[in-house]
Amino acid sequence: MTSDQYSLTVSIQSDSGWSLHGEPVYGPGSIIQGQVHFRVFDESLLQSLDQVRLVFHSTERVIGRESQTILDRRQLFGSQMRLWEGKHSMILDTEYTYPFYIQLPMVQFPPSLDLPIYRCHYTISIFLDEQELSRKPVLNLPIQFLPLLETSQSKSSIYQERDGFGLSTHTLDYVPDDHINLDFLLPSTTSTGSSSMPSHVQVELVQSVSSGGHTIRTAIGSDQVSLSGKGSSLQLRVHIPDDTTPTVSYSDLVTVSYRLVIRVRERRLLGHSYRQIFDLPIHIGTLGYGVRSPQDMQLYSIFRTTFSEDSLDTRPMIPAPSFLRDQESQTDFLPPYDSTRLPSYDYICNLPFSPVPSPSHSSPIVS
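Residues numbered from 1 in each chain as written. Predicted model: local features only at pLDDT ≥ 70, side-chain atom pairs only at ≥ 80, totals over all residues. Heavy atoms only, no water.

Participant: Is there a simple way to explain the overall build of the protein chain in this structure?
Facilitator: In terms of regular secondary structure, the protein chain is built from one helix and 24 strands. Here the analysis covers contacts within the protein chain between residues at least 6 apart in sequence; of these, 70% occur between residues at least 24 apart. In the form shown here, the protein chain has an accessible surface area of approximately 18000 Å², with 48% of it arising from carbon and sulfur atoms. (Helix = DSSP H or I, 4+ residues; strand = E, 2+ residues; numbered from the N terminus. Contact = heavy atoms within 4.5 Å. Areas by Shrake-Rupley, 256 points an atom, 1.4 Å probe, with all protein chains shown as cover.)

This is the structure:
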């Protein structure tokens with residue numbers, strides 16, 4: 001099978017308007033609404049084509065930092081549906097549109113991540129299954145997933161003091177694209193508890209990602225201000241990038257945390273050096289102040305996956321995404337998808353089916 005034998009595209013839309021850099025973002029309980037557009041140009045492919053499948057699956061992997069080999073792999077879920085099968089007619093060089101609606105469970109999964117030591121991917125894959133041939137996806141569409149994490153604002157200012165320096169802020173909870181605003185207070189005299197005079201103050205927001213016994217630390221935001229000519233206080237401001245991964249403390253394979261580090265640059269006889277003054281924990285959520293997450297949401301780590309081979313694992317099965325039915329898009333739902341082995345089709349639901357030529361119909365969703 002070659003790409004010049006067919007045309008295949010997938011488009012998706014956000015159910016809530018949540019997006020990042022123009023791409024939809026989904027979270028627990030979201031509905032992924034999309035369409036598959038498919039056209040066959042080659043008669044031989046049309047004759048050999050057995051079925052067209054859509055698979056929504058997620059896998060997290062722990063990667064060895066040095067070897068880059070997979071140390072641990074866990075498929076979180078795999079749900080699939082049949083868009084078309086060979087017993088139904090398809091006209092050559094005619095585009096067909098297959099709408100789909102995927103309901104995510106109310107489960108706090110890990111965020112989408114792709115790092116040297118840990119990866120968590122959410123993917124929609126399209127399979128064009130030919131008779132008696134290996135079945136591999138011909139199209140993979142990444143899905144951006146973020147958890148729903150609350151933030152809270154402190155009732156009073158947070159203040160710390162050390163070596164005559166003071167630091168004040170209104171909260172330690174933020175969301176991506178926020179600014180961290182700090183009031184930095186200077187000592188009342190030129191003495192700072194050391195033999196040198198500070199010339200600059202530097203603030204860094206440091207991300208720490210830990211997985212498989214390794215930790216990667218990255219400064220994702222910073223600010224530096226000269227103390228020359230300053231009064232008793234000054235303002236520091238750090239921008240949190242809009243694509244920052246939120247804090248993750250609920251996973252048994254990965255943790256993501258943040259700290260705000262404040263240093264002063266001091267003059268020495270042989271140059272300059274930085275001395276750390278403050279180190280504050282920062283929580284990055286995804287919900288604004290006062291917005292609550294759904295009460296029925298559960299952490300994914302309390303479940304076992306559908307594909308777990310541990311017979312001693314007595315945890316309940318993790319809820320999988322489900323396909324909602326559009327009344328005029330009559331598709332077949334298939335058994336759970338496991339990327340490591342082919343599924344059984346012995347117990348698929350035999351529902352009436354008719355392909356939908358483009359343009360697709362807009363119809364209410366029925367579960």
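Participant: Would you mind going over the layout of surface pockets with me for this structure?
Facilitator: To find the voids left in a structure, one rolls a probe of water-molecule size over its atoms. Of the pockets and cavities examined, the largest pocket occupies roughly 530 Å³. In terms of lining residues, the largest pocket is bounded by 26 residues, among which Leu20, Ser112, Gln144, Leu146 and Asp243 are the most central. Contributions of two or more residues to the lining of the largest pocket are made by β2 (19-20), β9 (113-114), β10 (118-130) and β11 (137-145). Per-element tally for the lining of the largest pocket: the top contributor is β10, with four residues. Among the residues making up the lining of the largest pocket, the classes are represented as 12 nonpolar, 11 polar and three charged. (1 Å grid on protein atoms, 1.4 Å probe; cavity = no way out; pocket = protein on both sides within 12 Å on 5 of 7 lines; lining within 4 Å. Points joined across faces, edges and corners; volume = space filled by probe spheres on them. Nonpolar A, V, L, I, M, F, W, Y, C, P; charged D, E, K, R; others polar.)

Participant: In this structure, what is going on with the environment of tyrosine 122? I would like to understand it.
Facilitator: Within the fold, tyrosine 122 resides in strand β10. As a C-alpha pair, tyrosine 122 and glycine 78 span 44 residues in sequence and 9.9 Å in three-dimensional space. From its side chain, tyrosine 122 meets the backbone oxygen of proline 110 in a polar contact 2.5 Å long. (Polar contact = N/O pair within 3.5 Å; in protein donor to acceptor, adjacent residues only side chain to side chain.)

Participant: Would you explain the nonpolar core in this entry?
Facilitator: Across soluble globular proteins, nonpolar side chains have a tendency to be buried as a group. The biggest cluster of nonpolar side chains holds 77 residues, and the ones touching the most others in it are Ile32, Phe38, Leu54, Phe100, Ile124 and Phe184. Take this core: its biggest share by element is six residues, from β10. Ignoring anything within four residues of it in the chain, the contact list for phenylalanine 100 reads Val10, Ser11, Ile12, Ile32, Gln33, Gly34, Gln35, Val36, Leu54, Met81 and Ile124. (Core = buried A, V, L, I, M, F, W, Y, C linked by side-chain atoms within 4.5 Å. Buried < 20%, exposed > 50% of the residue type's maximum accessible area, 1.4 Å probe, protein only.)

Participant: Explanation requested: the sheet that holds strand β18 (residues 233-239) in the structure shown.
Facilitator: Neighbouring strands of a sheet are bound in pairs by backbone hydrogen bonds; such pairs are parallel or else antiparallel. Pairing is antiparallel in the open sheet, where four strands are placed in the order β12-β13-β15-β18. Two strands lie at the open edges of the sheet, namely β12 (158-162) and β18, each paired on one side alone. Neighbour-to-neighbour, the strand axes of this sheet turn through a mean angle of 20°, independent of strand direction. (Pairing = 2+ DSSP bridges. Axes fitted to C-alpha atoms, helices over the stretch in contact; angles between N-to-C directions.)

Participant: Could you clarify how one ought to interpret the side chain of glutamine 108 in this entry?
Facilitator: Within the element layout of this structure, glutamine 108 appears in strand β8 (residues 107-108). A relative accessible area of 4% means that glutamine 108 is categorised as buried. Residue contacts for glutamine 108: discarding those within four places in its chain leaves Pro28, Pro147, Leu148, Leu149, Tyr250, Met297, Gln298, Leu299 and Tyr300.

Participant: Would you mind showing me how to read the sheet that holds strand β14 (residues 173-174) here?
Facilitator: Ordered by their spatial adjacency, five strands build an open sheet running β14-β20-β19-β16-β17, and the pairing between neighbours is mixed. Whereas interior strands pair on both sides, the edge strands pair on one side only; in this sheet they are β14 and β17 (214-226). Direction of pairing for strand β16 (residues 198-211) relative to strand β19 (residues 255-268): antiparallel, over a ladder of 12 bridges. Of the residues in β19, the one forming a bridge with glutamine 207 is tyrosine 258.

Participant: What should I look at first to understand the confidence of the model for the protein chain in this one?
Facilitator: If pLDDT is low for a region, its predicted coordinates should not be looked at in detail. When pLDDT is averaged along the protein chain, the result is 85; 85% of the residues meet or exceed 70. Every residue in residues 327-331 is under pLDDT 50, and counting partners more than four places away or in other chains gives 17 contacts. Low pLDDT, under 50, characterises residues 340-367; the stretch is placed with 67 contacts to residues that sit more than four places away or in other chains. (pLDDT = per-residue confidence, 0-100.)

Participant: Please explain the packing of aromatic side chains as it appears in this structure.
Facilitator: How two aromatic rings sit relative to each other is given by the distance of their centres and the angle of their planes. Under the counting rule described, the total for this entry stands at 11 aromatic pairs. An angle of 85° between the planes, with centres 6.5 Å apart, marks the rings of phenylalanine 184 and phenylalanine 278 as edge-to-face. One end of the pair, phenylalanine 184, is in strand β15 (residues 179-185); the other, phenylalanine 278, is in strand β20 (residues 271-284), with 94 residues separating them in the sequence. Classification of phenylalanine 184 by relative accessible area gives buried; the value is 0%. Judged by relative accessible area, which is 2%, phenylalanine 278 ranks as buried. It is arginine 53 that lies over the ring of phenylalanine 127; its NZ or CZ is 4.3 Å from the centre. (Phe/Tyr/Trp six-rings, centres within 6.5 Å; stacked < 30°, edge-to-face > 60°. Lys NZ or Arg CZ within 6 Å of the ring centre and 35° of its normal.)

Participant: Sorry, what's going on with the pairing of strand β6 (residues 70-85) here?
Facilitator: In the case of a regular strand, side chains alternate between the two sheet surfaces. Of all 16 residues that make up β6, 12 are buried, and the element is covered over most of its length. Here strand β5 (residues 49-63) pairs with β6 via 13 bridges, running antiparallel. Following the sheet pairing, threonine 59 is matched in β6 by glutamine 75. Where β5 folds back onto β6 in an antiparallel hairpin, the turn is made up of six residues, including glutamine 68, whose phi is positive at roughly 60°.

Participant: Got a minute to help me understand the pairing of β17 in this structure?
Facilitator: As paired strands, β16 and β17 are joined by 12 bridges and run antiparallel to one another. By the bridge assignment for β17, valine 203 is matched with aspartate 223. If you look at the hairpin formed by β16 and β17, you'll find two residues sitting between the two strands, and glycine 212 has a positive phi there, around 60°.

Participant: Help me understand the side chain of serine 251 in this model?
Facilitator: Summarising the element assignment, serine 251 is placed in the loop between β18 and β19. Owing to a relative accessible area of 11%, serine 251 belongs among the buried residues under this scheme. Side-chain polar atoms of serine 251 contact the side chain of tyrosine 300, separated by 2.6 Å.

Participant: Got a minute to help me understand the pattern of salt bridges in this structure?
Facilitator: When the charged atoms of two side chains lie near each other, side chains of opposite charge can form a pair. In total, this model carries 15 salt bridges according to the counting rule given. Here glutamate 60 makes a salt bridge to arginine 74, at a shortest N to O gap of 2.7 Å. With glutamate 60 in strand β5 and arginine 74 in strand β6, this pair connects stretches of sequence that are 14 residues apart. Both residues of the pair, glutamate 60 and arginine 74, count as buried. We note a salt bridge from aspartate 114 to arginine 119, for which the minimum N-O separation is 3.5 Å. Classification of aspartate 114 by relative accessible area gives exposed; the value is 55%. Looking at arginine 119, the relative accessible area reads 27%, which means it is partly exposed. Several salt bridges converge on common partners, so that one network encompasses Arg162, Asp163, Glu266 and Arg275. (Salt bridge = Lys/Arg side-chain N within 4 Å of Asp/Glu carboxyl O.)

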